[in-house]
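# Survey of secondary and tertiary structure
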Amino acid sequence: MLREAVVDLFCGVGGLTHGFELEGFNVIAGLDVDRSCRYSYEKNNSSFFIHRDIRDVTGEEISKLYPACVVKILAGCAPCQQFSSYTNSKMKGDKWKLLYEFSRIVNEVQPEIVTMENVPRLKSYKKYPVFDEFVGNLDANGYRVTHYMVYCPDYGIPQTRRRLVLFASKFGSVEIIEKTHSPEKYVTVRDAIGSLAPIDGGEILPNDPLHRARKLSELNRKRIMYTPPGGGWEDWPKDLVLNCHKGIKGKSFRSVYARMSWDKPAPTITTQCVGFGNGRFGHPEQHRAISLREASLIQTFQRHYDFIDSDSNFSIMTIARHIGNAVPVVLGRVIAKSIRKHLKEHYDKGL
């Protein structure tokens, strides 16, 4: 009988791990440098959390996590915010170099299957060809590599997130599963959060501590009241518009201080998604930014997914970071289903 085991690098609070577990995979462990992710990761998943910096981890340590006689799957989303369209692309810091550490671990562990999820610009940013070098290393190690640009609404994820998904297998080429949703059937903001009880900015729903929204200043409350669904600061009276938005350069900031639309997918959820001024994160109807619960549902976490450790202090921005950094659970399931289909087609044939 086919047995496989997964190790999830850069696991965060477990969006990718949870997707694999929901598809019946045995996820052994998740590794992450952010200690604050441990509670959510272990509370919601059957695997255990290892607080380590990948730069200090050896392939031997990873190899020992896998049971004997299994198909080893190594998964991860190396942080590459410098390639994101939400950053200034000046390549400050060295987080993008973590992909080289991922390559090193692959070289040392030699798993049968590797999968990576990341930002699309990672592939096209030629000044730092880290993606091409990552793929080249996989080729040199005997993997068949495939990669896809995934538009999340095509798979029932209610946000316009686009992600680069890579597969590498020693058994053959992994094909991503067929799209599950056509544009007229996309899951919308209304589908995702429309049933939640209304709350005001600064309010917490008593029976759901995750359904909390940040309080707006009086000025921002006036601004959001003038903002229609799908609209933004260009709909405000002139006296409410920020000076930085009044000039020509301000035209490039149309997606801040904006509301979502009920009947479209949400914008990409980021670590700043609970701030009205940080993107198109205004609730479609209520005068506030979206709550943590709403962000988690748009990221396709189930309502029972527990992010809050009641025994420790936490901040709304820490939980927002956890949610925004996560791989959407449904995208994790898409990746897992694609690997499952691949294993049935290739491994069972004795390749």
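What counts as what
- Note on numbering: residues in each chain are counted from 1, in written sequence order.
- This being a predicted model, a pLDDT of at least 70 is required before a residue's local features are given, and a value of 80 or more before pairs of side-chain atoms are given or counted; all residues contribute to the totals for chains, interfaces and linings.
- Values shown for side chains rest on all heavy atoms present in the structure; no hydrogens or waters enter the calculation.
- In this analysis, axes come from line fits to C-alpha atoms, helices being fitted only over the stretch in contact, and the angle between any two N-to-C directions falls in the range 0 to 180 degrees.
- Note on conventions: DSSP H or I runs of at least 4 residues are helices, E runs of at least 2 residues are strands, and numbering of each starts at the N terminus.
- Our angle categories are set so that under 35 degrees counts as roughly parallel, over 145 as roughly antiparallel, 65 to 115 as roughly perpendicular, and the remainder as oblique.
- Crossings are classed by handedness, with left-handed meaning an anticlockwise turn of the near helix from the far one by less than a right angle and right-handed meaning a clockwise turn.
- Note on definitions: a residue-residue contact is assigned when non-hydrogen atoms from the two residues lie within 4.5 Å.
- Accessible area is worked out with a 1.4 Å probe on protein chains only. A residue is then buried under 20% of its type maximum, exposed over 50%, and partly exposed in between.
- Residues adjacent in sequence count toward polar contacts only when both atoms are side-chain atoms; beyond that, a polar contact is any pair of N or O atoms within 3.5 Å, and within protein one must be able to donate a hydrogen and the other to accept it.
- Every residue carries a pLDDT, the predictor's confidence in it, which falls somewhere between 0 and 100.
- What counts as a salt bridge is simple: a side-chain nitrogen of Lys or Arg found within 4 Å of a carboxyl oxygen of Asp or Glu.

Moving on, we come to the packing of helix α1 (residues 15-22) against helix α11 (residues 329-346). One way to put it is that α1 packs onto α11 with a least axis distance of 7 Å and a crossing angle of 50°. On the basis of the axis angle, α1 is oblique to α11. Handedness of the crossing formed by α1 with α11: right-handed. Contacts from G15, L16, H18, G19, F20 and L22 of α1 reach α11 at V329, G332, R333, I335, A336 and I339.

Turning to the side chain of S169, a few remarks are in order. By the element assignment, S169 lies in strand β7 (residues 162-169). Look at S169 and you get buried, because its relative accessible area is 0%. A distance of 3.0 Å separates a polar side-chain atom of S169 from the backbone nitrogen of F171. Aside from chain neighbours lying at most four places away, what touches S169 is E112, I113, G142, Y143, R144, V174 and H342.

Before going further, it helps to examine the environment of P229. By the element assignment, P229 lies in the loop between α8 (218-225) and α9 (292-298). What makes P229 exposed here is its relative accessible area of 52%. Along the sequence, P229 and S261 sit 32 residues apart, while their C-alpha atoms lie 4.9 Å from each other. Residue contacts for P229: discarding those within four places in its chain leaves R259, M260, S261 and P284.

Averaged over all residues, the pLDDT of the chain is 91; the fraction at 70 or higher stands at 89%. Ignoring residues within four places in sequence, the model shows residues 82-93, a span with pLDDT below 50, making 29 contacts including any to other chains.

With that settled, the discussion passes to the pattern of salt bridges. The full count for this structure, using the stated rule, is 17 salt bridges. Of the charged contacts in the structure, one is a salt bridge between D263 and R190, with a shortest N-O distance of 2.8 Å. Of this pair, D263 sits in the loop between α8 and α9 while R190 sits in helix α7 (residues 189-193); the two residues are 73 residues apart in sequence, bridging distant segments of the chain. Among the residues examined, R190 registers a relative accessible area of 40% and is labelled partly exposed. Connected via shared salt-bridge partners are E101, R104 and E108.

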